[in-house]
Amino acid sequence: MRKSYRVKKEQEFQTVFEAGHSVANRNFVVYQLEKPGQKHFRVGLSVGKKVGNAVMRNRVKRYIRQSLLELKPELPQTVDFLVIARRGANQLTMAETKQNLVHVLKLAKLLKEEADSASK
C-alpha cells in the first residue's frame, strides 16, 4: 500500500482517536473518522509490544496491509481509520487476519456485505 494511503503523523492519529468512532472484535479495534472531499481512504496501524517482539509485530502489520490492499475496492474513499491489533493477533494466519478484519470493518460499517462473499 502506497504511503499516501497511510496516516503517519501523531497529530492525525490523535484527531482520529478523539473525534472518531470505534468498534472492536477479539483481535482488532478500528477507529474511523469521516473526511469529506478526500481522494482516497487513509489507514494507520498500531501494533503494541503486548502483541509480541518486533518480528511478530511486523508480521502482523504486513498481514493487515495485505488484507486491506485486497479489500481496497470495497472501502469508502472519504474516511481515515486506524487499525489497532490486540494481543491475540499474533496467533492468526493470513487468512484468519483477513477474516477478522472483514468482520471488524463490517461492524464499523466500512465494508459492504458483498465483501464477505468475496473473501471466502
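On to the environment of Asn90. Summarising the element assignment, Asn90 is placed in the loop between strand E4 (79–85) and helix H3 (94–107). Distance from Asn90 to Tyr63, taken between C-alpha atoms, is 10.0 Å for residues 27 residues apart in sequence. In contact with Asn90, not counting residues within four places along its chain, are Val51, Gly52, Met56, Arg59 and Val60. Among the polar contacts made by the side chain of Asn90, one reaches the main-chain carbonyl oxygen of Val51 at a distance of 2.4 Å.

We now examine the side chain of Arg57. Along the chain, Arg57 turns up in helix H2 (residues 54–71). Although Arg57 is buried, it makes no salt bridge; Glu10 carries the closest opposite charge, 15 Å away. Reaching out from Arg57, the side chain makes a polar contact with the backbone oxygen of Gly52 at a distance of 2.8 Å. When neighbours within four sequence positions are excluded, Arg57 is seen to be in contact with Val47, Gly48, Lys49, Val51 and Gly52.

Conventions we followed
Residues numbered from 1 in each chain as written. Predicted model: local features only at pLDDT ≥ 70, side-chain atom pairs only at ≥ 80, totals over all residues. Heavy atoms only, no water. Helix = DSSP H or I, 4+ residues; strand = E, 2+ residues; numbered from the N terminus. Contact = heavy atoms within 4.5 Å. Polar contact = N/O pair within 3.5 Å; in protein donor to acceptor, adjacent residues only side chain to side chain. Buried < 20%, exposed > 50% of the residue type's maximum accessible area, 1.4 Å probe, protein only. Lys, Arg positive; Asp, Glu negative; His and termini not counted. Salt bridge = Lys/Arg side-chain N within 4 Å of Asp/Glu carboxyl O.

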